[in-house]
Amino acid sequence: PALMPNVLINGVDGIGVGTTTMLPTFTPESVAEVMTRLLQGEKLTTLDFAKTFKYANRYGGRLVKSKENQAAWMKLFTDSTTSLQFESRLEVDRDRKSITIDDWPKGLNPLKFISKVRLYPEVDQAYNHAGATGFRIEMRKDFNYAQFDKLVAKVQAATRVRRSIKINVTHRKSSIVDGVVSFDTRYLALSVPQLLITWLRERVALEKRSLEFRIGKQQVAIEYSKLLIFASNNLDTIFKALRAPDSKAYLVKHLKLSPEDSDKILELKVRQLSKLDQEAIKAKLKEQESHMKQLKHWLALPKKKIVEDTKLILEAIARDRKFEADKDKSMSVA
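Residues numbered from 1 in each chain as written. Predicted model: local features only at pLDDT ≥ 70, side-chain atom pairs only at ≥ 80, totals over all residues. Heavy atoms only, no water.

S.K.: Can you break down helix α12 (residues 278-300) residue by residue, with the values?
M.R.: One turn of an α-helix holds 3.6 residues; hence residues three or four places apart share an orientation. Across its 23 residues, α12 extends 33 Å between first and last C-alpha, which sits within 8% of the 33 Å expected from 1.5 Å per residue. Among all positions in α12, only Gln278, Ile281, Leu285, Gln288, Met292 and Leu295 are buried. On its buried face, α12 is in contact with α7 (192-232). Two to three positions downstream of the cap, the backbone nitrogen of Glu279 sits 3.2 Å from a side-chain oxygen, assigning the N-cap of α12 to Asp277. (Helix = DSSP H or I, 4+ residues; strand = E, 2+ residues; numbered from the N terminus. Expected span 1.5 Å × (residues − 1). Buried < 20%, exposed > 50% of the residue type's maximum accessible area, 1.4 Å probe, protein only. Contact = heavy atoms within 4.5 Å. Polar contact = N/O pair within 3.5 Å; in protein donor to acceptor, adjacent residues only side chain to side chain.)

S.K.: Quick rundown of the packing of aromatic side chains? Include the residues and the values.
M.R.: Within this structure, the stated rule accounts for 10 aromatic pairs. The interplanar angle of 75 degrees and the centroid separation of 6.1 Å between the aromatic rings of Phe26 and Tyr55 together place this pair among those described as edge-to-face. One end of the pair, Phe26, is in the loop between β2 (19-23) and α2 (28-39); the other, Tyr55, is in the loop between α3 (46-52) and β3 (62-63), and 29 residues separate them in sequence. Tyr55 shares its class with Phe26; the two are buried. With 6.0 Å between their ring centres and 65 degrees between their planes, Tyr55 and Trp73 make a pair best called edge-to-face. Here the residue Tyr55 occupies a position in the loop between α3 and β3, and Trp73 occupies one in helix α4 (residues 67-75), the gap between them amounting to 18 residues. Under the relative-accessibility criterion, Tyr55 is labelled buried at 14%. Among the aromatic residues, those joined into a ring-pair cluster are Phe26, Phe49, Phe53, Tyr55, Trp73, Phe77 and Phe86. Across the ring face of Tyr145, the terminal group of Lys97 is positioned such that the distance to the ring centre comes to 5.1 Å. Sitting above the plane of the Trp298 ring, Lys305 keeps its charged end 4.9 Å from the centroid. (Phe/Tyr/Trp six-rings, centres within 6.5 Å; stacked < 30°, edge-to-face > 60°. Lys NZ or Arg CZ within 6 Å of the ring centre and 35° of its normal.)

S.K.: Can you lay out the pairing of strand β6 (residues 98-101) for me, pointing to particular residues and giving the numbers?
M.R.: Residues Ser98 and Thr100 of β6 are buried on one face, and the alternating residues Ile99 and Ile101, pointing to the opposite face, are buried as well. Examined bridge by bridge, strand β5 (residues 91-93) and β6 share 3 bridges and lie antiparallel to one another. Paired with Asp93 across the bridge in β6 is Ser98. With antiparallel pairing between neighbouring strands as the criterion, β5 and β6 make up a hairpin whose turn holds 4 residues, including Lys97 at a positive phi of roughly 55 degrees. Relative to strand β8 (residues 134-139), β6 is paired through 4 bridges, and the arrangement is antiparallel. By the bridge assignment for β8, Thr100 is matched with Arg136. (Pairing = 2+ DSSP bridges.)

S.K.: Residues and numbers for the sheet that holds β5, please.
M.R.: Strand order in the open sheet formed by 4 strands is β5-β6-β8-β7, and the pairing between neighbours is antiparallel. The sheet terminates laterally at β5 and β7 (123-130), the two strands that pair on one side only. Each neighbouring strand pair of the sheet contributes to a mean axis angle of 20 degrees, computed without reference to strand direction. Across the sheet, helix α5 (residues 110-117) is in contact with β6, β7 and β8; its angle to β8 comes to roughly 10 degrees. Together, β5, β6, β7 and β8 form the strand contacts of helix α6 (residues 145-158), whose direction differs from that of β6 by roughly 20 degrees. (Axes fitted to C-alpha atoms, helices over the stretch in contact; angles between N-to-C directions.)

S.K.: Which residues make up the packing of α7 against helix α13 (residues 302-327), and what values go with them?
M.R.: Where α7 contacts α13, the two axes come as close as 9 Å, and the packing angle between them is 100 degrees. Accordingly, the angle class assigned to the pair α7 and α13 is roughly perpendicular. Taken together, the residues of α13 that come into contact with α7 (itself represented by Arg203, Val204, Glu207, Lys208 and Arg214) are Pro302, Lys303, Lys305, Ile306 and Asp309. (Parallel < 35°, antiparallel > 145°, perpendicular 65-115°, else oblique.)

S.K.: Can you explain the pairing of strand β11 (residues 180-189)? Please cite residues and give values.
M.R.: Direction of pairing for strand β10 (residues 168-177) relative to β11: antiparallel, over a ladder of 10 bridges. Residue Ser175 lies in a different strand from β11, and its bridge partner there is Ser182. Counted between consecutive antiparallel strands, the loop separating β10 from β11 contains 2 residues, among which Asp178 sits at a positive phi close to 55 degrees.

S.K.: I'd like a rundown of the pattern of salt bridges, residues and numbers included.
M.R.: Side-chain pairing between opposite charges can occur once the charged atoms of the two side chains come close. Using the criterion set out here, one finds 21 salt bridges in the structure. For the salt bridge of Glu29 with Arg321, the shortest nitrogen-to-oxygen distance reads 2.4 Å. With Glu29 in helix α2 and Arg321 in helix α13, this residue pair connects regions lying 292 residues apart in the sequence. Asp149 serves as the salt-bridge partner of Arg94, at 2.9 Å between the closest nitrogen and oxygen. (Salt bridge = Lys/Arg side-chain N within 4 Å of Asp/Glu carboxyl O.)

Right, here's the structure in full:
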């Protein structure tokens, strides 16, 4: 099963089946927190969702802080559509009366923007200072600080871009009839909480199916280990069976084994039979039974298992971020 609702972490922007979709991106930590609280049985309000989810700004820019944008943000958690405003982060040097911009919201063309800014009467020069999209804007020397503050506000407003959020997703289930795969597909328009809750329901159901499958495989492994122990206690009879005209029938009659278990023993090579280490098999069986107990515990509490998996995911993300940060540090040789 997918460990996280990646659609809320990666986002998506596209067109399909006659409708546009633009999903927002949230930080993994905030998504994990909401998931955990829901899985632990907490009843979250719209305000709880709005305060806990943190926008990731993966594609540049930041959310505009305004009452209008705050109301639009709240709508994410009650409706499938809203419209949010984004703006660039500005690095302001008031002493030098300069503004540096290295971060651009999606939909804003830096080159067109800077061409427009160069026409402002307060601007002395606007030039590229780093990379292809890093620009610095400098004010004319004969303008004062109060005028510079107004320029900062003017530039900030010019960086603002409005983006429509439309959460349209598909919910697809497959079925196989006479070897033919068919799909039952529904198209859903959901708010962020509805999307996450729908995903969690599927996640819990899939966790149960996965655990049931693993328990089945573990049971087979346990039964095989018990069969090996049984075989190690009856090697003389097994060796006689190997010399009998019908080895399988001999084992069924003298060891009261099923035909299937008889086949499993006969599939072992003679050398393997003679070297069966009962103590090693018993130790392995003990491990298998311990793991089976854990699997059954998880099956009884699948939501708790998902919460524990989520913690591991966050630890992995933290290690990955540390690796990326350390990789960027300069190295010196003594």
